[in-house]
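# Overview (structure and organization)
Listed below are the residues making up each chain.
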Amino acid sequence: MPVTRSTGLLALGGIALAALLTVIGHLEVNDDLNPWALTISDFAVSDRGGVIDVAMVVLALATVALLYGLRRAGPPRSGRTAELLLGAWVGGLLLAAVVPTNEPGTAMTTAAYLHRYASVVAFLALPAAGWLLARRPDLTPAARTLRALVLLSLALAAAMIWSAYPGDRMLIGLAERLLILTEVAVLATVALIHARRVTPARAA
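Now for a quick tour of the structure. Remember, it's a predicted structure, so these values are computed and weren't measured experimentally. (Residues numbered from 1 in each chain as written. Predicted model: local features only at pLDDT ≥ 70, side-chain atom pairs only at ≥ 80, totals over all residues. Heavy atoms only, no water.)

### A closer look at the packing of helix 3 (residues 51-73) against helix 4 (residues 81-98)
It is at 9 Å that the axes of helix 3 and helix 4 come closest, and there the two elements cross at 165°. On the basis of the axis angle, helix 3 is roughly antiparallel to helix 4. With respect to the hand of their crossing, helix 3 and helix 4 are arranged in left-handed fashion. Judged by residue contacts, Asp53, Met56, Val57, Leu59, Ala60, Thr63, Val64, Leu67, Leu70 and Arg71 of helix 3 engage Glu83, Leu86, Gly87, Trp89, Val90, Leu93, Leu94, Ala96 and Ala97 from helix 4. Looking at the contact of helix 3 with helix 4, its residues break down into 14 nonpolar, 2 polar and 3 charged. (Axes fitted to C-alpha atoms, helices over the stretch in contact; angles between N-to-C directions. Helix = DSSP H or I, 4+ residues; strand = E, 2+ residues; numbered from the N terminus. Parallel < 35°, antiparallel > 145°, perpendicular 65-115°, else oblique. Left-handed = near helix turned anticlockwise from the far one by under 90°. Contact = heavy atoms within 4.5 Å. Nonpolar A, V, L, I, M, F, W, Y, C, P; charged D, E, K, R; others polar.)

### Re the side chain of Asp138
Within the fold, Asp138 resides in the loop between helix 5 (110-133) and helix 6 (143-164). For Asp138, a relative accessible area of 18% translates into the label buried. Looking at Asp138, its side chain comes within polar contact range of the side chain of Arg136, at 3.0 Å. (Buried < 20%, exposed > 50% of the residue type's maximum accessible area, 1.4 Å probe, protein only. Polar contact = N/O pair within 3.5 Å; in protein donor to acceptor, adjacent residues only side chain to side chain.)

### Here's the deal with the packing of aromatic side chains
Following the criterion strictly, the structure yields 1 aromatic pair and no others. Here Tyr113 and Tyr117 contribute two aromatic rings whose centre-to-centre distance is 6.4 Å and whose plane-to-plane angle is 15°, an arrangement assigned as stacked. Placement of the pair is Tyr113 and Tyr117 together in helix 5, with a separation of 4 residues, close to one helical turn. The class for Tyr113 is partly exposed, based on a relative accessible area of 38%. Above the face of the Trp131 ring, Arg147 is positioned so that its terminal group lies 5.7 Å from the ring centre. (Phe/Tyr/Trp six-rings, centres within 6.5 Å; stacked < 30°, edge-to-face > 60°. Lys NZ or Arg CZ within 6 Å of the ring centre and 35° of its normal.)

### Considerations on the nonpolar core
Residues Leu59, Leu86, Trp89 and Leu187 are the most contacted members of the largest nonpolar core, which totals 38 residues. No other element matches helix 3, which puts 10 residues into this core. Excluding residues that lie within four positions of it along the chain, Leu86 makes contacts with Thr63, Leu67, Leu70, Leu126, Ala129, Leu133 and Leu187. (Core = buried A, V, L, I, M, F, W, Y, C linked by side-chain atoms within 4.5 Å.)

### Some thoughts on the packing of helix 5 against helix 7 (residues 172-195)
The contact between helix 5 and helix 7 brings their axes to 10 Å, and the two run at 35°. When the axes of helix 5 and helix 7 are compared, the crossing they make is left-handed. For the pair helix 5 and helix 7, the contacting residues are Ala122, Phe123, Leu126, Pro127, Gly130 and Leu133 in the first and Glu176, Leu179, Ile180, Glu183, Val186, Leu187 and Val190 in the second. Within the contact of helix 5 with helix 7, the residues separate by chemical class into 10 nonpolar, 1 polar and 2 charged.

### Considering the pattern of salt bridges
Going through the model one piece at a time under the given rule, you end up with 3 salt bridges. In this structure, Glu83 engages Arg71 in a salt bridge whose closest nitrogen and oxygen atoms are separated by 2.7 Å. Within this pair, whereas Glu83 is found in helix 4, its partner Arg71 is found in helix 3, the two being separated by 12 residues in sequence. The class of Arg71 is partly exposed, set by a relative accessible area of 46%. For the salt bridge of Glu83 with Arg80, the shortest nitrogen-to-oxygen distance reads 2.7 Å. The partly exposed category is assigned to Arg80, whose relative accessible area is 34%. (Salt bridge = Lys/Arg side-chain N within 4 Å of Asp/Glu carboxyl O.)

### Regarding helix 6
Taking 1.5 Å of rise per residue, 22 residues should cover 32 Å, and helix 6 covers 31 Å from first to last C-alpha, within 8% of that figure. Here helix 6 has its buried residues at Ala143, Leu146, Leu149, Val150, Ser153, Leu156, Ala157, Met160 and Ser163. All buried residues of helix 6 lie within an arc of 155° about the axis, which places them on one face of the element. When the buried face of helix 6 is taken as reference, the exposed residues oriented beyond 90 degrees from it are Arg144 and Leu151. Summarising the contacts, the buried residues of helix 6 are in contact with helix 5 and helix 7. (Expected span 1.5 Å × (residues − 1). Arc of directions from axis to C-beta.)

Okay, structure coming up:
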């Protein structure tokens, strides 16, 4: 099995596991928490088992596997910028997982601000990486899908920013969850292309 295919499968498995853990994390928290009005970070800080934080780490590791596959697939037309942006996504995810935000309704702390800006870096880095990845020859079959997902994620990011400031956090949880779903779909699309690679037949 070629490296790119195995890393693609590994990344898909990690993405699926992270999604499952996130769902479990939502089910285990206090029933009074509203997923449409509160962000995933709000759920994570209320999650006694830390399942959502684990999901973030798993997703970061799945991205690392994908990065390794991209590097082995050959030099991209866009240089190494997309890989650096994916690295920023990984770093933002890990920092947000390690440094919790504040409890809902309490004053922002230094740790909470660090968590927030790590999340912002991650949310912005992944769409930029996705747009550049769409230019790679090995991802040509998914180029249109990647660009569509990137544009959708940017629209959702704008909706989340509006909700966080002038919108008085109206439906911020819904906007964030749709944004994360769209951005993870970018990763899954790249992983799926790599996972579908067929091993060339060896000459007899």
